[in-house]
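# Working through the structure, step by step
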Amino acid sequence: MKKTAPPPLPTGPGYLMYEEAAAYDRMQFVLLGVIITATLVPAIILLFFDVEGAAAMFGVSLLDALIFHLVFPRRYQLFNTKLRIVLGWPIRWDIKLSTIKEARPAPATSTWIYGGVRLATSSASAVEIVRRKGMGIIISPSDRQTFLEQLNAAVKLAAERL
């Protein structure tokens, strides 16, 4: 039987190659809880003295919770053409693989102090994405080593196609 060559990789919008959930430290949850509590407790206390003020504080608490829901990463999807950072619905950020220079483990301090875009939610699994142009990005996939292997392999394939 005659063997045929494998089909070429799709070049359209891309296909999903790998997906990883975001890692979260316990400290992140404590910090979020403190921030929400800092507006919720005064709202409850104000309920007995100033209903309008209490309503405003409840609104601030809800707004804080909504903002945290929208901007904290949920998962990272690696397509053949891009890396997608999935935030709270409906927000996502697509980064073309051709704009990524390299991905490497990041020091734990960069989850709190970093000169680029900081979307890291865990200091133990932080990954720095160095871009050819623009600011770098810090993220926290739950399995850092596998994510780095997959991302660097995809970036290398994308560079070979150019």
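Procedures and definitions
Residues numbered from 1 in each chain as written. Predicted model: local features only at pLDDT ≥ 70, side-chain atom pairs only at ≥ 80, totals over all residues. Heavy atoms only, no water. Pairing = 2+ DSSP bridges. Helix = DSSP H or I, 4+ residues; strand = E, 2+ residues; numbered from the N terminus. Axes fitted to C-alpha atoms, helices over the stretch in contact; angles between N-to-C directions. Phe/Tyr/Trp six-rings, centres within 6.5 Å; stacked < 30°, edge-to-face > 60°. Buried < 20%, exposed > 50% of the residue type's maximum accessible area, 1.4 Å probe, protein only. Lys NZ or Arg CZ within 6 Å of the ring centre and 35° of its normal. Salt bridge = Lys/Arg side-chain N within 4 Å of Asp/Glu carboxyl O. Core = buried A, V, L, I, M, F, W, Y, C linked by side-chain atoms within 4.5 Å. Contact = heavy atoms within 4.5 Å. Patch = residues over 30% accessible without salt bridge, like charges linked within 9 Å, V, L, I, M, F, W, Y side chains within 5 Å. Areas by Shrake-Rupley, 256 points an atom, 1.4 Å probe, with all protein chains shown as cover.

Attention now moves to the sheet that holds strand S3 (residues 82–86). As summarised here, the arrangement of the 4 strands in space is S1-S2-S3-S4, forming an open sheet in which the pairing is antiparallel. On the outer flanks of this sheet lie strand S1 (16–21) and strand S4 (92–96), each paired with one strand and no other. On average, each strand axis in the sheet is inclined to that of its neighbour by 15°, with strand direction left out of account. Pairing analysis gives 4 bridges linking strand S2 (residues 75–79) to S3, with the strands arranged antiparallel.

All right, on to the packing of aromatic side chains then. Tallying each qualifying case throughout the model produces 4 aromatic pairs. Both rings, one in Tyr24 and one in Phe72, keep their centres 6.3 Å apart while their planes meet at 20°; by these two values the pair is stacked. Within this pair, whereas Tyr24 is found in the loop between S1 and helix H1 (26–46), its partner Phe72 is found in the loop between helix H2 (51–71) and S2, the two being separated by 48 residues in sequence. What makes Tyr24 partly exposed here is its relative accessible area of 29%. Take Phe72: its relative accessible area is 16%, and that puts it in the buried class. Arranged with centres 5.9 Å apart and planes meeting at 80°, the rings of Phe68 and Phe72 form a pair that is edge-to-face. In textbook terms, an aromatic cluster arises when at least three aromatic residues are bridged by ring pairs, as seen for Tyr24, Phe29, Phe68 and Phe72. Lying across the ring of Phe79, Lys82 places its NZ or CZ 5.0 Å from the centre.

Inspection of every chain in the model, using the stated rule, returns 5 salt bridges. Note that Arg75 is salt-bridged to Glu19, the shortest N-O span being 2.6 Å. One end of the pair, Arg75, is in strand S2; the other, Glu19, is in strand S1, and 56 residues separate them in sequence. Take Glu19: its relative accessible area is 38%, and that puts it in the partly exposed class. A salt bridge links Asp94 to Arg84; the nearest nitrogen and oxygen atoms lie 2.8 Å apart. With Asp94 in strand S4 and Arg84 in strand S3, this pair connects stretches of sequence that are 10 residues apart. Arg84 gets classed as buried once you look at its relative accessible area, which sits at 13%. When salt bridges with common partners are traced through the structure, they connect Lys82, Arg84 and Asp94 into a single cluster.

Judged by nonpolar contacts, the single largest core of 22 residues is most densely connected at Ile85, Leu97, Ile129, Ile139, Phe147 and Leu151. When contributions to this core are tallied by element, the ones reaching two or more residues are S2, S3, strand S5 (100–105), strand S7 (127–131), strand S8 (137–139) and helix H3 (144–161). In terms of residue count, H3 provides more of this core than any other element does, 6 residues in total. Beyond its immediate sequence surroundings of up to four residues, Ile129 is in contact with Leu83, Ile100, Glu102, Ala103, Gly136, Ile137, Ile139 and Leu151.

Moving on to a nonpolar patch on the surface. A cluster of nonpolar side chains, Met27, Val30, Leu31, Val34, Ile35, Trp112 and Ile113, forms an exposed patch at the surface whose accessible area comes to about 690 Å². Positionally, Ile113 belongs in the loop between S5 and strand S6 (117–118).

Along the chain, Leu157 falls in helix H3. Sequence separation of Leu157 and Gly33 is 124 residues, and the distance between their C-alpha atoms is 42 Å.

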